[in-house]
Amino acid sequence: MKVIVNIQLKDGVLDPQGKAVHHALTSLKFNEVNNVRIGKQIILDVDTSDIHTAQQRVETMCEELLANTVIENYTIEFPTC
Amino acid sequence: MLVAVIVFPGTNCEIDTKYAFEKLGQSVTLVFHKEEQLPQGTDLVVLPGGFSHGDYLRSAAIAKFSPIMKTVIAFANAGGRVLGICNGFQMLLEAHLLPGAMKRNENVHFISKFQHLKVINNNNTFLKKCAVGSLLNVPIAHGEGSYYIDQEGLNQLYANEQVLLTYCDELGGAENPNGSVDAIACICNKAKNVFGLMPHPERAIETILGSDDGVKMLEGFIN
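Residues numbered from 1 in each chain as written. Chains lettered and ligands numbered in written order. Predicted model: local features only at pLDDT ≥ 70, side-chain atom pairs only at ≥ 80, totals over all residues. Heavy atoms only, no water.

**What about the pairing of strand β2 (residues 27-32) of chain B?**
Residues and elements named next belong to chain B.
- In this sheet, β2 lies alongside strand β1 (residues 2-7) in parallel orientation, the contact comprising six bridges. Across the sheet, the residue bridging to leucine 2 is serine 27, located in β2.
- Handedness of the β-α-β unit built from β1, helix α1 (residues 14-23) and β2 comes out right-handed. (Pairing = 2+ DSSP bridges. Helix = DSSP H or I, 4+ residues; strand = E, 2+ residues; numbered from the N terminus. Right-handed = clockwise from strand over helix to strand, strands pointing away.)

So this is what it looks like as structure tokens:
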């Protein structure tokens, strides 16, 4: 089963990468961009067909390793394909 | 004193750290991260600088699962003294031995230069030989050194005298190279036996190389 984990800096935590990219977009005249936040996406192939089990296991993975919950939030998605 | 310097894949400051403590007359053992025990009679564990596990995922995110870290965490929780320098500081944060987290530098660049630091508190083993308010000139070299902690955590750090060093300019005025909260460069835990800092005292050991301010810092651990 394919599981997608998206990790973002929490609101209120300054994202210097996003800020730099926003600055670059503005200098390229993409003035309609109000804000840029950069995160990371981790795609897992998990050996289970039970979505509930996968959700629980991947949450634990996020808490223990994939995200630093002091500064980052995560979301877990199960893409249908 | 026996100093155990832990070596992870990607660590690159272990020899400098060994040199510094040996220059101060101490015995130093390098301990590979796959070991499960510290050498008998270890007085101080140093987690040195570098790029453990290639800094993949986040700096030091993977190092906390190395076999030796279980022992280091138990050692720290039992009151043993632990010093984390640069990548080692990041490990202490990831392992929750120190509060807060480390982010990319605010200017998104890797910064490598001499940096002045101001002593905020010396009521601890590490900085007891450094006067409060005095300045130290010590190299920094990091890409993820922007220290973050929420307001409540910050208040607790101050209340418990856990903020030890801040970045400053050569006159002691405000300067913040990486965007750390309150320009914090060094903290300790509540029990004052675990210390983490981004600057490299082990690289400030010889005047001929620019500064020996690191000597009086590391000497704090020596009785």
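**Observations regarding the interface of chain A and chain B**
- Tallying the contact residues gives 15 residues for chain A and 16 residues for chain B.
- Summed over both partners, the interface of chain A with chain B buries about 1300 Å², with 66% contributed by carbon and sulfur atoms.
- If you sort the residues of chain A by the area they bury against chain B, A:Pro16, A:Leu65 and A:Val70 come out on top, with a joint share of 35%.
- At the surface where chain A touches chain B, the tally comes to one salt bridge.
- B:Arg58 is the salt-bridge partner of A:Glu72, the closest N and O atoms lying 3.8 Å from each other.
- Taken together, the links from chain A to chain B amount to six residue pairs in polar contact (both at pLDDT 80 or more).
- Elements with a minimum of two residues in the side of chain A that touches chain B: α1 (16-27), β2 (40-45) and α2 (51-66) of chain A. (Contact = heavy atoms within 4.5 Å. Buried area = accessible area lost by both parts, 1.4 Å probe. Salt bridge = Lys/Arg side-chain N within 4 Å of Asp/Glu carboxyl O. Polar contact = N/O pair within 3.5 Å; in protein donor to acceptor, adjacent residues only side chain to side chain.)

**Focus on the environment of B:Gly49**
All names here are of chain B.
- You can see glycine 49 is positioned in the loop between β3 (44-47) and α2 (67-77).
- Residue glycine 49 is classed as buried on the basis of its relative accessible area of 0%.
- The sequence separation of glycine 49 and phenylalanine 8 amounts to 41 residues, and the corresponding C-alpha distance is 9.8 Å.
- Dropping the residues within four chain positions of it, glycine 49 is found in contact with Thr11, Asn12, Cys13, Ile85, Cys86, Asn87 and His200. (Buried < 20%, exposed > 50% of the residue type's maximum accessible area, 1.4 Å probe, protein only.)

**Topic: the sheet that holds strand β10 (residues 184-188) of chain B**
Residues and elements named next belong to chain B.
- The strand order across the open sheet formed by nine strands is β2-β1-β3-β4-β11-β10-β9-β6-β7, and the pairing between neighbours is mixed. Each end of this open sheet is capped by a strand with a single partner; those strands are β2 and β7 (135-142). Across the sheet, the axes of successive neighbouring strands diverge by a mean angle of 25 degrees, strand direction being ignored.
- Pairing between β1 and β3: three bridges, direction parallel. Directly across from valine 3, in β3, lies its bridge partner leucine 44.
- The strands that α2 touches are β1, β2, β3, β4 (81-85) and β11 (194-197); relative to β4, the one it contacts most, it runs at about 125 degrees. (Axes fitted to C-alpha atoms, helices over the stretch in contact; angles between N-to-C directions.)

**Things to note about the side chain of A:Asp15**
Residues and elements named next belong to chain A.
- Tracing the chain through its elements places aspartate 15 in the loop between β1 (2-9) and α1.
- In terms of polar contacts, aspartate 15 uses its side chain to reach the backbone amide nitrogen of glutamine 17, at 3.2 Å.
- A distance of 2.7 Å separates the side chain of aspartate 15 from the backbone nitrogen of isoleucine 38, its partner in a polar contact.
- Not counting residues within four places of it along the chain, the set of residues in contact with aspartate 15 comprises Leu9, Val36, Arg37 and Ile38.

**Section: the pattern of salt bridges**
Residue and element names in this part refer to chain B.
- Tallied over the entire structure, the rule returns seven salt bridges over all chains.
- The shortest N-O distance in the salt bridge between glutamate 206 and lysine 23 comes to 3.6 Å. Taken as a pair, glutamate 206 in the loop between β11 and α5 (213-218) and lysine 23 in helix α1 lie far apart in primary sequence, 183 residues in all.
- For lysine 23, a relative accessible area of 46% gives the class partly exposed.
- Note that arginine 58 and glutamate 94 form a salt bridge whose closest N and O atoms lie 2.8 Å from each other. Taken together, the positions of arginine 58 in the loop between β3 and α2 and glutamate 94 in helix α3 (residues 87-94) put the pair 36 residues apart, joining distant regions of the chain.
- Among the residues examined, glutamate 94 registers a relative accessible area of 7% and is labelled buried.

**A short note on the packing of aromatic side chains**
Residue and element names in this part refer to chain B.
- Per the counting criterion, the structure on display carries five aromatic pairs over all chains.
- Where phenylalanine 126 meets phenylalanine 195, the ring centres are 5.6 Å apart and the plane angle is 55 degrees; that geometry is what we call tilted. Taken together, the positions of phenylalanine 126 in the loop between β6 (111-119) and β7 and phenylalanine 195 in strand β11 put the pair 69 residues apart, joining distant regions of the chain.
- In this structure an aromatic cluster arises from ring pairing among Phe126, Phe195 and Phe221. (Phe/Tyr/Trp six-rings, centres within 6.5 Å; stacked < 30°, edge-to-face > 60°.)

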